[in-house]
Amino acid sequence: PTTTTVASTAPRYKLQEYQGKNIRWDPCKGPIRMKLNHGGRLTSTQLNEWETELVSLASGIATATGLDFVYAGTTTQELASEHPGDGRHPADLLIYIGAEGTGALEDFDGSFGGNLWYDGWTSGVWDEIQMYEIQVGTSYATASYMWPYGKKYLMNWLGISFGLDTLELGINTEIMSWGNNGSGTSTNPSWGTGDLIGFGLVGASNGCVN
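Residues numbered from 1 in each chain as written. Predicted model: local features only at pLDDT ≥ 70, side-chain atom pairs only at ≥ 80, totals over all residues. Heavy atoms only, no water.

Trainee: Which residues make up the overall build of the chain, and what values go with them?
Mentor: For the chain, the count of helices and strands is four helices and nine strands. Secondary structure of the chain in N-to-C order comes out as β-β-β-β-α-β-β-β-β-α-α-β-α. Against the 2.2 N^0.38 benchmark of 17 Å for 210 residues, the chain shows a C-alpha radius of gyration of 18 Å, consistent with a compact globule. Overall, the chain is about 75 × 40 × 30 Å in size when its C-alpha atoms are taken along their principal axes. Relative to its full complement of 210 residues, the chain shows a buried share of 47%. Within the chain, contacts between residues separated by at least 24 positions form 71% of all contacts whose residues are at least 6 apart in sequence. When the accessible surface of the chain is totalled, it reaches about 10,000 Å², and 50% of it is carbon and sulfur. If the 11 positive side-chain charges of the chain are averaged to one point and the 22 negative ones to another, these points end up 5 Å apart. (Helix = DSSP H or I, 4+ residues; strand = E, 2+ residues; numbered from the N terminus. Rg over C-alpha atoms; globule rule 2.2 N^0.38 Å. Buried < 20%, exposed > 50% of the residue type's maximum accessible area, 1.4 Å probe, protein only. Contact = heavy atoms within 4.5 Å. Areas by Shrake-Rupley, 256 points an atom, 1.4 Å probe, with all protein chains shown as cover. Lys, Arg positive; Asp, Glu negative; His and termini not counted. Charge placed at Lys NZ, Arg CZ, Asp CG, Glu CD.)

Written as structure tokens, this is what we have:
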């Protein structure tokens, strides 16, 4: 007789973690509200385009995760300078448009940057995301190439804000791999199969975080 050993397949995705626990939004804490602070830096036409895209992106992520995630309009909320505390916030996921030097995100490179606020004391295998901030540079946010060519980069940051990290090397067709346009095209990027699997892993089906 011959014994056949089948090697386990490496995961196609990686989830964000803190001290050995993955992080995600708690579906039992109510809706997750994404808001936009454009600081008057967008024209009315640009603002309409941004809001149309954000509504569409929120809908897609809500479907993929099962979370109550919505675009809730504009806000004057600034980037946080200290931990926002427990519970939901007026803008749980804040998209902030501003030039270099106007924000407080350490990894902002002039185009995109993100900042995670979470509860590092959550019990169990998950840590709860309490607020996430994405900064988009003014020159990028107002450029003719923001929509549609910059859409995949914003989608990547949105994926990160839900607890996804990156896909393994060699997978260059998924949004979260930074490699390509998912199952779409450069002018119409769309979440790939691996991206959707990742969203499912950090979604509502896992129950309450606590």
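Moving on from the coordinates now.
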